[in-house]
Amino acid sequence: MTMPGGRQSRSPDSLAGFPEEILLEILVRLPAKSVLRCRAVCRLWRRLTTDPDFLVAHHRHQPALPLISSIGGTDDNQYYSLEAIHLQKAERQPVLWPRRCRFGASCDGLVIIGDYICNPTTRQWAPLGPRKVYFDHVIGLYRHQPSGEYRVLLWRQSNVASIEYCPNDYCVHTVGSKKPRCITCSIELVDEELRIALSGMALDIRGMPVHLHGNLLVHWKKRWNVRYHKILVFNTVAESFRQMRPPAVNPQHAMQLFDMGRKLAASCSKFSFIDMRIFALQDYENEVWSFQYRVKLPEMEIRKFQEQGDWLAKIVSEEGDLLVICFGWLLHYDRKGNLLAKFKYDDDLPVVTPYRLKESLIQHTFFQKKWNNPPSPFMPC
């Protein structure tokens, strides 16, 4: 077949002798939409791109994109929208059409929207559980490795009056099951920790949870303006809790946790987020933190977008890329303070969620179950 300019196109038959190993190395790096189109080329390509091992490898090769939640519309007709930011391409990629369901969590290419779990790539969705179960306080979504089940970690305010213990009750809900089950978390604070918590001088830890080494690292929820100078670690295999020490920093600062190349990292700064210090957990077992580098944002440049008040900044990559939330703007800076891209939003303060999204074509059984015609909560893009 001759194309414009005299170039010859290659039909699927002309690729019959092409080594499958090389073909797989190419296909596994394509975006999900391109892989779906490749399935229509020929039987060989369909067989290769539907193999379960290929689907796992393809998911592993996809970039992990920061997720941004925002609110649009008017006061009388507001809606939530969710999108991913491709930092290298400086592109906004819609994840869901706007609906009245709030974003809850993300894991392995799956997202929780309201009371539903969805794969935006395959346009599949299913209820998390029966209608009588409420999912207002989602902490995180994770895969339970021994069973292969996807489960949701939830919290609710405890009925226990004492503040000497963990101030929340925690529950685990298996996707598709009838009801959550309670998880014990009765971590007692020693006198000094309790004194610091009651004084309001404890570190303000934000930006959780972080998926790392089979754990969800979450923060102590505040109750009666109480802050706890600890990180709460939830083991997703044993489904148990323990505490972890944060780096030794000014207790009046704010701290955000993030994943730095499979290491737990923390950014620490005053609430103005102009000057940020980055620490990494070098020894996971002994909880040894070390200083990595410092980020100083160009205040005068950011003031062009927001003249008054503070802004919010969050590190969103292991290379130190930052997303800065201004009034109606999302600014992308590198760790040296160079402005790389800017995105305009209708929402005054779009939210940089603590989650990432990696496209996935992996099939899940809970999407195959027949439901009694529940209304679709959203329309994936």
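Owing to the predicted nature of the structure, the values given are computational and were not obtained by experimental measurement. (Residues numbered from 1 in each chain as written. Predicted model: local features only at pLDDT ≥ 70, side-chain atom pairs only at ≥ 80, totals over all residues. Heavy atoms only, no water.)

**Structural notes on the sheet that holds strand S22 (residues 322-326)**
Next up, step 1: The strand order S21-S22-S23-S24 describes an open sheet built from 4 strands, whose pairing is antiparallel. Looking at which strands have only one partner, the edges of the open sheet turn out to be strand S21 (312-315) and strand S24 (339-344). Sheet twist, expressed as the average angle between the axes of neighbouring strands with direction ignored, equals 20 degrees.
Next up, step 2: As judged from the 4 bridges shared by S21 and S22, these two strands associate in the antiparallel manner. (Pairing = 2+ DSSP bridges. Helix = DSSP H or I, 4+ residues; strand = E, 2+ residues; numbered from the N terminus. Axes fitted to C-alpha atoms, helices over the stretch in contact; angles between N-to-C directions.)

**Concerning the packing of aromatic side chains**
Next up, step 1: Under the counting rule described, the total for this entry stands at 9 aromatic pairs.
Next up, step 2: Considering the side-chain rings of Tyr170 and Phe241, the 4.8 Å spacing of their centres and the 45 degrees angle between planes classify their relative orientation as tilted. Pair noted here: Tyr170 is in strand S10 (residues 168-174) and Phe241 is in strand S16 (residues 240-244), with a separation of 71 residues, a long-range link.
Next up, step 3: Its relative accessible area of 2% is what places Tyr170 among the buried residues.
Next up, step 4: The interplanar angle of 75 degrees and the centroid separation of 5.8 Å between the aromatic rings of Phe279 and Phe291 together place this pair among those described as edge-to-face. Note that Phe279 is positioned in strand S19 (residues 275-283) and Phe291 in strand S20 (residues 288-296), a separation of 12 residues in sequence.
Next up, step 5: Exposure remark for Phe291: the relative accessible area of 45% places this residue in the partly exposed category.
Next up, step 6: Through successive ring pairs, a cluster of aromatic residues spans Tyr142, Tyr170, Phe234 and Phe241.
Next up, step 7: A cation over a ring is seen here: Arg92 above Tyr345, with NZ or CZ 4.0 Å from the ring centre. (Phe/Tyr/Trp six-rings, centres within 6.5 Å; stacked < 30°, edge-to-face > 60°. Buried < 20%, exposed > 50% of the residue type's maximum accessible area, 1.4 Å probe, protein only. Lys NZ or Arg CZ within 6 Å of the ring centre and 35° of its normal.)

**Here's the deal with the confidence of the model for the chain**
Next up, step 1: With 78% of its residues at a pLDDT of at least 70, the chain reaches an overall mean of 81.
Next up, step 2: The spread of mean pLDDT over the elements of the chain runs between helix H5 (residues 191-199), the lowest at 51, and helix H4 (residues 52-61), the highest at 96.
Next up, step 3: Between residues 1-7, whose pLDDT stays under 50, and residues either more than four places distant or in other chains, the model counts 6 contacts. (pLDDT = per-residue confidence, 0-100. Contact = heavy atoms within 4.5 Å.)

**Some thoughts on the nonpolar core**
Generally speaking, a soluble globular protein has its nonpolar side chains buried in company with each other.
Next up, step 1: Residues Leu67, Ile117, Leu141, Val152 and Val175 are the most contacted members of the largest nonpolar core, which totals 29 residues.
Next up, step 2: In terms of residue count, strand S5 (residues 110-113) provides more of this core than any other element does, 4 residues in total.
Next up, step 3: Setting aside residues up to four positions removed in sequence, Val175 forms contacts with Ile117, Leu128, Leu141, Tyr150, Val152 and Phe366.
Next up, step 4: Counting 21 residues, the second-largest nonpolar core is a separate cluster that includes Leu297, Ile315, Leu322 and Val324. (Core = buried A, V, L, I, M, F, W, Y, C linked by side-chain atoms within 4.5 Å.)

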